[in-house]
Amino acid sequence: MNAIETTGTVDAQHQLQLDEPLPITGPSRVRVIILVPEAGDMPEDAWTKAAANNPAFDFLKDEAENLYTRNDGKPFHDQR
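What you are looking at is a predicted structure, and each value in this text was computed from that prediction instead of being measured.

Caption draft 1: Examining the overall build of the protein chain more closely. A tally of regular secondary structure across the protein chain gives one helix and two strands. Mapped from its N terminus to its C terminus, the protein chain presents α and β elements in the order β-β-α. Against the globule reference of 12 Å for 80 residues, the protein chain gives a C-alpha radius of gyration of 19 Å, more extended than a compact globule. Along the longest, intermediate and shortest principal axes, the C-alpha atoms of the protein chain span 50 × 35 × 20 Å. Carbon and sulfur atoms make up 53% of the accessible area of the protein chain, which amounts to about 8600 Å² in all.

Caption draft 2: Quick look at the pattern of salt bridges. Going through the model one piece at a time under the given rule, you end up with one salt bridge. Residues Lys61 and Asp58 are paired through a salt bridge, measuring 3.3 Å at the closest nitrogen-oxygen approach. Look at Asp58 and you get partly exposed, because its relative accessible area is 35%.

Caption draft 3: Broad picture of unusual backbone geometry. Residue Pro27 is reached from Gly26 by a cis peptide bond, and omega for that bond is 0°. Its location among the elements puts Pro27 in the loop between strand S2 (16–18) and helix H1 (44–52). Unlike most non-glycine residues, His14 shows phi in positive territory, near 65°. Mapped onto the elements, His14 comes out in the loop between strand S1 (8–10) and S2. You can call His14 exposed: its relative accessible area is 69%.

The rules behind the values
Residues numbered from 1 in each chain as written. Predicted model: local features only at pLDDT ≥ 70, side-chain atom pairs only at ≥ 80, totals over all residues. Heavy atoms only, no water. Helix = DSSP H or I, 4+ residues; strand = E, 2+ residues; numbered from the N terminus. Rg over C-alpha atoms; globule rule 2.2 N^0.38 Å. Areas by Shrake-Rupley, 256 points an atom, 1.4 Å probe, with all protein chains shown as cover. Salt bridge = Lys/Arg side-chain N within 4 Å of Asp/Glu carboxyl O. Buried < 20%, exposed > 50% of the residue type's maximum accessible area, 1.4 Å probe, protein only.

The quantities given are spatial measurements derived from coordinates; they are silent on function.
Encoded structure:
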C-alpha cells in the first residue's frame, strides 16, 4: 500500500476538500486517515519560529557546522 500526504479542510457540510489534486488516477477506493490538531497544539509556524530562536540550536550558526555546499547536492525537480 502506498501513502500520500496532503492537506485539506473539512467544510461546513463535513466534507473533506483537498488543497491539491491527488496524483493518482481514479475512480479508485482509498483509505483515509485524518489527523486533527488538538486544541492545545501549537501552529506549525509558531513551533518552527520557537525552534529557530531557541539557543539550544545556536551551534548551527557556527560556520564550522556548515559542512555542505550547493555542489554537494543534486537538483530536485518536483514531478507533480
